[in-house]
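So you can see what is in the structure, the chains are spelled out below.
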Amino acid sequence: MNKMGISTDPALLDVELPRTLIESPSVSTFLPEEEASICPLLSSNTNGSTTPMTFSHPLTPCIDNDNDSNTSANLCNEDGKVETSSSSGSSSGIGMSVPDETSTTLFNKHSYKHLQNNNTSAQDSNGHGPNGNIPLGKDTPSFVSWNWPLIRKCTFFVFMSSLLAMCAVVVAMIVTLPKTCNPKTMWYRGSVFYEIFPASFQDSDNDGIGDLRGIVQRSDYLKSLGVSAVRLNSIFPSPHYPDDFKNITSLTDVSKVLGTVEDVQQLSQALHLRNMSLVLDLPLFPYLKELGKSDGASAVKVLASTTLNVSDGMTTTTTTTPRPVITTNLITQALQHWIKFGVDGFYIKGLEEFVELEDIDYHMAEWKDILGYSRVLIISEAVLEKVKEPQRSLLLRHVDLVDVHLNVFNGAKDLEERINNVLASEIAPADPGVWVQWSIAGVDSPRLTRNGVNTNFTLTATLMQLMLPGTPNIFYGDEIGLQAAKDQLNEHNETKHLHHLSTMQWPENSTQQFTNRETLPWLPNAPTANFDYLPIVSRMIRLRDRSPSIYKNAICKTESVLPNTAIRRSEDDILIVERLYPRRNSFASISNFGQKRLTLDMSSNFYSGVVMLHDSSDKIYFSDFQIGPAESIIVRLDK
């Protein structure tokens, strides 16, 4: 004991130890004041008396008076006794377990419930206060007291709203994007015209003769067909209309059988509402015997003026391009008259019948100046054959379309030569420049479907026509294979020359026919019409409208204009029309104008493709290509 520096005074050894110390030597023997000074979690009573507290020494077992005794026992039973050893090797260990209230409470989960700082302030409205938050002082920044929960909610709401708004904008942009990005052209370039003889299309007043109001009633049919313009053959008065419709008596009036000039305006409005245009044939011969002289041949009006503004001393110069002098005659008056009633273009017919065409280029300049840029001016190919080369070039500067007639009854060989010659002439594809209007039937030519001709022949020729570059012109009824009128009893010999102008046929389930059942039409009815052709022709027109390979006239580059059409012939009766455009689908039509079914090996030209215009898209291989008589097959070629 002396070696350890502990006093051996008997008086000290005779001290009576408390019972608690004997039972548990590990229990702290500090006085209450000493315990409070050692453990900062303990507070002393200001009155000098010790508040009884439950304290558990780390070396003593834990006693929990609550229901969680199992958890306390697990923590405290790991080391319930303490082993001690001396440096001399002799050791003695005393295992003590004294459940003192003051010592056991320190590690109890309920030991701090009674502790409270009497000097802390009450909790503020924003949640800062004694319950773990920072108490606010005078020097605390103001943003600390902001309502941060509300701010977080508002910020989240604004962020989500902005995100949804951006998503909505993106979706709206995607929805409003055009489905295709095809190059644009003028409304008459590459579109399809529909030629109508008004007296044979639709009768609205049940007198047996078609009229203008009847065409208005059928405007939805024209829209469903997909055409872009309606061309009226002849609406002008004649002594016996429609039997002698060519012998007109006026260029500014309408035959009473057809209606009035107000009906023309009503028809124009009905077509415009359906995104279609109205083109009018203007027959000059034999109504006019000569064109006369044009004032533009001797003078050209140039509008150029310079005025001085005295107020500010600035000079304003107004200059316009030279314009021809408008000669006042029956033709210019008729053009100005019909423009007021909504006509969008004119086919000047009969020019080739005039002997003297010396001033034709000046006349054409006047007419085009009246029409303007947006209206179309059409002439016949026969006019170009009659004028000389220098005059022809000047003439074509003021022409939009040149009507070219194709005789499909001459066979594939003749068609190949004819089309290639036209595409290589002065009216070859150009943009800007004159375009070709293709016609295979009309008021001056026999109807395609007639006696001794397969009814499929009309569909074959029409599909081939719709594949050509330029503006196809479909004669009314060809979309259903309408036949010419057939007078078996020879009761209408006086109108035999007009039987190709047979009255239009409508499906039997249609609520309206050409005229009522009590009225006889002005011509005998056509024997038959095949309404199965109608959806095929309509699909072909729509395929043309959305495919630049077909409706474009050429491939226009910066320094050159390249053709996009190849016309070839296989065997004696097969005509091939191939159309292409950069980075777009290429198409080909194979038409059999013969009477036999053929099997061909066309793999040298094409490998494979997809058949169009039918409900099922069948794959086709050209190594063993089969085509029936009077049949046209439209194929989208595989690249």
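Just so you know, these numbers come straight off a predicted model, no measurement behind them.

1. Details of unusual backbone geometry
Cis geometry is found at the peptide bond from Y241 to P242, where omega equals 5 degrees. Its place among the elements puts P242 in the loop between β2 (229-232) and α9 (261-273). The step from F285 to P286 runs through a cis peptide bond, and the omega angle for that step is 10 degrees. Inspection of the secondary structure puts P286 in the loop between β3 (277-283) and β4 (300-301).

2. Remarks on the sheet that holds strand β20 (residues 619-621)
Taking strand neighbours across the sheet as the criterion, the 6 strands line up as β15-β16-β17-β22-β19-β20 in an open arrangement whose pairing is antiparallel. Each edge of the open sheet carries a strand with a single partner, namely β15 (565-570) and β20. The mean inter-strand angle of the sheet, taken between neighbouring strand axes irrespective of direction, is 30 degrees. Each of β16 (574-579), β17 (587-592) and β22 (631-637) touches helix α15 (residues 456-465); the most contacted strand, β22, lies at about 35 degrees to it.

3. As for the sheet that holds strand β11 (residues 435-439)
Each strand in a sheet pairs with another by means of backbone hydrogen bonds, the pair being arranged parallel or else antiparallel. Reading around the barrel, the 8 strands line up as β1-β2-β3-β8-β9-β10-β11-β12 and close back on themselves, with parallel pairing between neighbours. When strand polarity is set aside, the average angle formed by the axes of neighbouring strands in this sheet is 25 degrees. The strands that helix α11 (residues 360-371) touches are β8 (345-349) and β9 (376-380); relative to β9, the one it contacts most, it runs at about 150 degrees.

4. Side note on the pairing of strand β19 (residues 608-611)
Note that β19 and β20 share 3 bridges and pair antiparallel. Across the sheet, the residue bridging to S608 is Y621, located in β20.

5. What about the UniProt feature "transmembrane region" (unreviewed entry) in the protein?
When the UniProt feature table is mapped onto this chain numbering, "transmembrane region" (unreviewed entry) sits at residues 156-177. Its end C-alpha atoms 32 Å apart, residues 156-177 is made of 95% helix and 0% strand.

6. Let's talk about the packing of α15 against helix α16 (residues 533-546)
At a closest axis distance of 11 Å, the pairing of α15 and α16 adopts a crossing angle of 5 degrees. Of the possible angle classes, the one that applies to α15 and α16 is roughly parallel. Contact residues: α15 offers N456, L459, T462 and L463, while α16 offers Y533, I536, V537 and M540. Considering only residue class, the contact of α15 with α16 consists of 6 nonpolar, 2 polar and no charged.

7. Considerations on the layout of surface pockets
Within this model, the largest pocket holds a volume of roughly 630 Å³. As for the largest pocket, its lining consists of 30 residues, and the residues nearest its centre are Y347, K349, E352, V443 and D444. Of all the elements in the fold, those that place two or more residues in the lining of the largest pocket are β3, β8, α12 (381-386) and β10 (401-405). Here the residues of the lining of the largest pocket are counted per class, giving 9 nonpolar, 9 polar and 12 charged.

8. Here's the deal with helix α10 (residues 330-339)
All of the buried residues in α10 are I331, T332, A334, L335, W338 and I339. Relative to the axis of α10, the buried residues are bounded by an arc of 160 degrees and lie together on one face. For α10, the secondary structure elements touched by its buried residues are α9, β3, β8 and α11. Between the side-chain oxygen at the start of α10 and the backbone nitrogen of I331 there is a gap of 3.1 Å, and the oxygen is on N329.

9. What to know about the pattern of salt bridges
Inspection of the entire model under this criterion finds 16 salt bridges. In this structure, R231 and E195 form a salt bridge, with 3.5 Å as the shortest nitrogen-oxygen distance. With R231 in strand β2 and E195 in strand β1 (residues 193-196), this pair connects stretches of sequence that are 36 residues apart. In this pair, the class of R231 matches that of E195, namely buried. Put simply, E195, R231, K246, D281, K349 and D444 are held in one network by salt bridges that share partners.

10. With respect to the environment of E381
Within the fold, E381 resides in helix α12. Classification of E381 by relative accessible area gives buried; the value is 15%. Along the backbone, E381 and V402 are 21 residues apart, and their C-alpha atoms lie at a distance of 5.7 Å. Not counting residues within four places of it along the chain, the set of residues in contact with E381 comprises V402, D403, V404, R418 and V422.

11. Regarding the nonpolar core
Across soluble globular proteins, nonpolar side chains show a tendency to be buried alongside one another. Core analysis: the biggest nonpolar cluster contains 113 residues, and Y194, L222, L284, W338 and L351 have the highest contact counts within it. Among the elements that take part in this core, α16 stands out by supplying 6 residues, more than any other. In contact with L222, not counting residues within four places along its chain, are Y194, I196, F201, I215, V227, V230, L271 and M276. Core analysis: the next-biggest nonpolar cluster, separate from the first, contains 15 residues, I590, M602, V611 and I620 among them.

Parameters at a glance
Residues numbered from 1 in each chain as written. Predicted model: local features only at pLDDT ≥ 70, side-chain atom pairs only at ≥ 80, totals over all residues. Heavy atoms only, no water. Helix = DSSP H or I, 4+ residues; strand = E, 2+ residues; numbered from the N terminus. Pairing = 2+ DSSP bridges. Axes fitted to C-alpha atoms, helices over the stretch in contact; angles between N-to-C directions. Contact = heavy atoms within 4.5 Å. UniProt positions renumbered as here; feature names shortened; annotations may be inferred. Parallel < 35°, antiparallel > 145°, perpendicular 65-115°, else oblique. Nonpolar A, V, L, I, M, F, W, Y, C, P; charged D, E, K, R; others polar. 1 Å grid on protein atoms, 1.4 Å probe; cavity = no way out; pocket = protein on both sides within 12 Å on 5 of 7 lines; lining within 4 Å. Points joined across faces, edges and corners; volume = space filled by probe spheres on them. Buried < 20%, exposed > 50% of the residue type's maximum accessible area, 1.4 Å probe, protein only. Arc of directions from axis to C-beta. Polar contact = N/O pair within 3.5 Å; in protein donor to acceptor, adjacent residues only side chain to side chain. Salt bridge = Lys/Arg side-chain N within 4 Å of Asp/Glu carboxyl O. Core = buried A, V, L, I, M, F, W, Y, C linked by side-chain atoms within 4.5 Å.

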